[in-house]
2 protein chains.
Amino acid sequence: MDKKFVIGVDMGGTNTVYGLVNRRGEIIAHRSFPTASEPTAEAFASRLGENIKALISDCNADDAVVGIGVGAPCANYFTGEIEAATDLPWPSPIPLGRLLSEATGLPVKMSNDANAAAIGEMSYGAARGLRDFIVITLGTGVGSGIVCNGQILNGNRSFGGELGHVKAWTVEDRPCGCGRKDCLQTYCSAKGVVTTARKLMAKHPESRLCLLKEEQLTSKLIAEAANAGDETAKEVFRFTGEVLGEACAHFAAFSDPEAIIIFGGVSRAGELLLAPLRESFDRNVLHLYRGHVTICTSELNEADAALLGASALGWEAEI
Amino acid sequence: MDKKFVIGVDMGGTNTVYGLVNRRGEIIAHRSFPTASEPTAEAFASRLGENIKALISDCNADDAVVGIGVGAPCANYFTGEIEAATDLPWPSPIPLGRLLSEATGLPVKMSNDANAAAIGEMSYGAARGLRDFIVITLGTGVGSGIVCNGQILNGNRSFGGELGHVKAWTVEDRPCGCGRKDCLQTYCSAKGVVTTARKLMAKHPESRLCLLKEEQLTSKLIAEAANAGDETAKEVFRFTGEVLGEACAHFAAFSDPEAIIIFGGVSRAGELLLAPLRESFDRNVLHLYRGHVTICTSELNEADAALLGASALGWEAEI
């Protein structure tokens, strides 16, 4: 039996989760603490390092851990720095890779959360054995991890795969946080889904969604209403799938993927989203790709996925 | 001095050009014959093989040639077959890689012409030393070769980089040969440029372009008129650059390239095209990429580029 392990770290704006993971993608143990608990990034890295060493020791895994993988927003794969992260309490850039390596004596690889998700799918999930695929994460924003020839497409400056900021082929002049308009994430993020719902609710006062207070409206509740038969709520996901399917059709012409894997909160809507997405993909895609791209949702347990994805980077650190 | 050589083959619908190329990208000798001169693909491959052997012998390069690289429309990198080529006189698929290897005893690598152009730029041209870039070829159609992490993005089935069939972010309902509408090549190919000119000429009878017979109108003549100061002709390239620049802005979000290299007949318009292209790129691109992507034209002599690009594949065959 292979007794090697990696540490995965999922660093979010609220909590930092870290865990010990084996070759099969099983989480042996995991713990967490509030990300903003320390006054400086250096103190955070020091605490994280100490906590990781304690976890390794408690699991009797000393000398069996080959590396640490960290998934964090705006993490640069090449520099190991967190750049321009707006939801962390310390100034950027943060050289977390170096700090954590110094604190633990272990090699550290870092990547942004969407790329970590893609590596996780390749290592343990729906993309096992695939060499060309795209993971699209539908969460607060829309992110993506693109794998070509078995490698994450990092690009020149580690900004490869910002597909959430490709302009959608639907034009409603929706403003995006980046300052531009109609970015894919203004339609397909959790927030984009809510925006679509509000537009449709204005035309359909009979929808049960109209019984909710405005601030209560979430993509999760919209999915529940759709599953309960609400036509307006169904239409929200039909529209979202249509927009995402057309975008995916054009993404196929870029990288000729074997699969496009949809991940994150909005993807929990399942077939409500996937059926119109696949239909739109087939209708809009160049004939060369039609019938050759599997569109599916993640196979990773969502609660574990961020940690597993990050941990998969740890195996790269080994080399 | 390194005495190794490769053979490059540029197989077009009309002529097949083949030549002996050294490590520095110098064409030692080249010859050609009409592609449609043989009744079957097998006979063509046999003749090409004999011709290549004669060229090698005449150059006293026996035992110094390490491989053959072939650039051909619809060539599949993985299978070495030409698939669904509409402008060749024989039925597809054509297993040219295998046939040519049997005829010459040399390893053969094949790729489509746009990918060959990208490899040529990386080996001998504007992309020397770059690991992440995109070549966009503006010819009869619009093709592309995408290089990520120093490798051609072939994708799952060798159909990576069909950027000419990504839908433009300009919508005029222009029909494309693929059966869809508004593909980038309906705007930015030589034919797309002529279509744009016709539309503008209808509004500007004072343009000198209106003195040409309809069938005489070419992107080359439009560029000449623009260089001579014709405002309508200038507007044709301004519009083309605008459309291509916006597309390139979104392509950047896919692969975070260091450079986008414009190649092929329409690119001969030079700054007429490049100035509005760069302006549109900067205006439409996500802030992460602004100022970090060089947009330029090919540094390869256009007459030699197809042969050189194909020959560069020959070095891969060596391994």
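Throughout what follows, the structure given in this document is the object of discussion. Just so we're clear, the structure is a prediction, and the values are computed from it rather than from any experiment. Chains are numbered independently. Their residues run from 1 in the order of the written sequence. Here chains are named by letter from A upward and ligands by number from 1 upward, in the order in which they appear as written. Per-residue local features are limited, in this predicted model, to residues with pLDDT of at least 70; the limit for side-chain atom pairs, both in listing and counting, is 80 or more; totals at the level of whole chains, interfaces and linings are taken over all residues. Side-chain numbers here rest on the full set of heavy atoms in the structure, without hydrogens or water.

## Here's the deal with the overall build of chain A
We count a stretch as a helix when DSSP gives it H or I for four or more residues in a row; a strand needs E for two or more, and each element gets its number in order from the N terminus. Tallying secondary structure elements over chain A gives nine helices and ten strands in all. For this measure, only C-alpha atoms enter the radius of gyration; the expected value for a globule follows 2.2 Å times N^0.38, where N is the number of residues. Rg of the C-alpha trace for chain A: 20 Å, near the compact-globule value of 20 Å for 319 residues, within the 12% margin. Its C-alpha atoms give chain A principal-axis dimensions of about 60 × 45 × 35 Å. To sort residues, take the accessible area from a 1.4 Å probe on protein chains only and compare it with the maximum for the residue type: under 20% means buried, over 50% means exposed, and anything in between is partly exposed. Buried residues in chain A amount to 58% of all 319 residues. Residues count as neighbours in contact if any of their non-hydrogen atoms are within 4.5 Å of one another. Across chain A, the fraction of contacts at a sequence separation of at least 24, relative to all contacts at a separation of at least 6, is 62%. Roughly 12,900 Å² of accessible area belongs to chain A as shown, and the carbon and sulfur atoms make up 49% of that amount. The sign given to each residue is positive for Lys and Arg and negative for Asp and Glu; His and the chain ends receive no count. The location of each charge is read from NZ of Lys, CZ of Arg, CG of Asp or CD of Glu. Across chain A, the mean location of the 29 positive side-chain charges is 2 Å away from that of the 39 negative side-chain charges. With residues, only the protein chains shown are counted as cover, and all accessible areas are computed by Shrake-Rupley using a 1.4 Å probe.

## Digging into the interface of chain A and chain B
If you look at the interface, chain A gives 40 residues, while chain B gives 40 residues. The term buried area refers to how much accessible surface (probe radius 1.4 Å) is lost by two components on association, counted for both of them together. Here chain A and chain B share an interface that buries about 3,300 Å² over both sides, 57% of which is from carbon and sulfur atoms. The largest per-residue losses of area from chain A upon contact with chain B belong to A:Asn156, A:Phe254 and A:Asp256, which jointly make up 22% of the total buried on that side. Should a side-chain nitrogen of Lys or Arg be within 4 Å of a carboxyl oxygen of Asp or Glu, the pair is scored as a salt bridge. For the pair chain A and chain B, the number of links is two salt bridges. The residue A:Lys167 makes a salt bridge to B:Glu246 at a minimum N-O spacing of 3.5 Å. Polar contacts, as used here, are pairs of N or O atoms within 3.5 Å; protein pairs need one atom able to donate a hydrogen and one able to accept it. Residues neighboring in sequence count only if both atoms are side-chain atoms. Taken together, chain A and chain B are joined by 28 residue pairs in polar contact (both at pLDDT 80 or more). Of all the elements, helix H7 (residues 231–255) of chain A adds the most residues to the side of chain A that touches chain B, at six residues. Put simply, Ala, Val, Leu, Ile, Met, Phe, Trp, Tyr, Cys and Pro go in the nonpolar bin, Asp, Glu, Lys and Arg in the charged bin, and everything else, Gly too, in the polar bin. Considering only residue class, the side of chain A that touches chain B consists of 18 nonpolar, 14 polar and eight charged.

## Brief notes about the relation of the copies chain A and chain B
The operation relating the pair of chain copies consists of a rotation about an axis and a translation along that axis. Residues reaching a pLDDT of at least 70 in both copies supply the C-alpha atoms on which the copies are superposed by least squares. Aligned on chain B, chain A shows an RMSD of 0.1 Å; the corresponding rotation is 180° and the shift along the axis is 0.0 Å. Such a combination of turn and shift is consistent with a two-fold rotation axis. Considering only C-alpha atoms, the residue of chain A closest to the rotation axis is A:Trp169, which sits at 3.5 Å. When you check the interface residues of chain A against chain B, 100% turn up at the interface there too, and the contact is symmetric in its surfaces.

## Side note on the pairing of strand S6 (residues 133–138) of chain A
All names here are of chain A. Of all six residues making up S6, six are buried, and the element is well covered by its neighbours. Here S6 shows two buried faces, one formed by Phe-133, Val-135 and Thr-137 and the other by Ile-134, Ile-136 and Leu-138. Any two strands are treated as partners once DSSP identifies two or more bridges connecting them. As judged from the six bridges shared by S6 and strand S7 (residues 142–148), these two strands associate in the antiparallel manner. From the neighbouring strand, Leu-138 faces S7, where its bridge partner is Val-142. Between S6 and S7, which pair antiparallel and follow one another directly, the connecting turn spans three residues.

## Looking at the environment of B:Thr232
All names here are of chain B. Considering the arrangement of structural elements, one finds Thr-232 in helix H7 (residues 231–255). A relative accessible area of 5% means that Thr-232 is categorised as buried. Each C-alpha atom of the pair Thr-232 and His-204 lies 6.9 Å from the other, and the pair is 28 residues apart in sequence.

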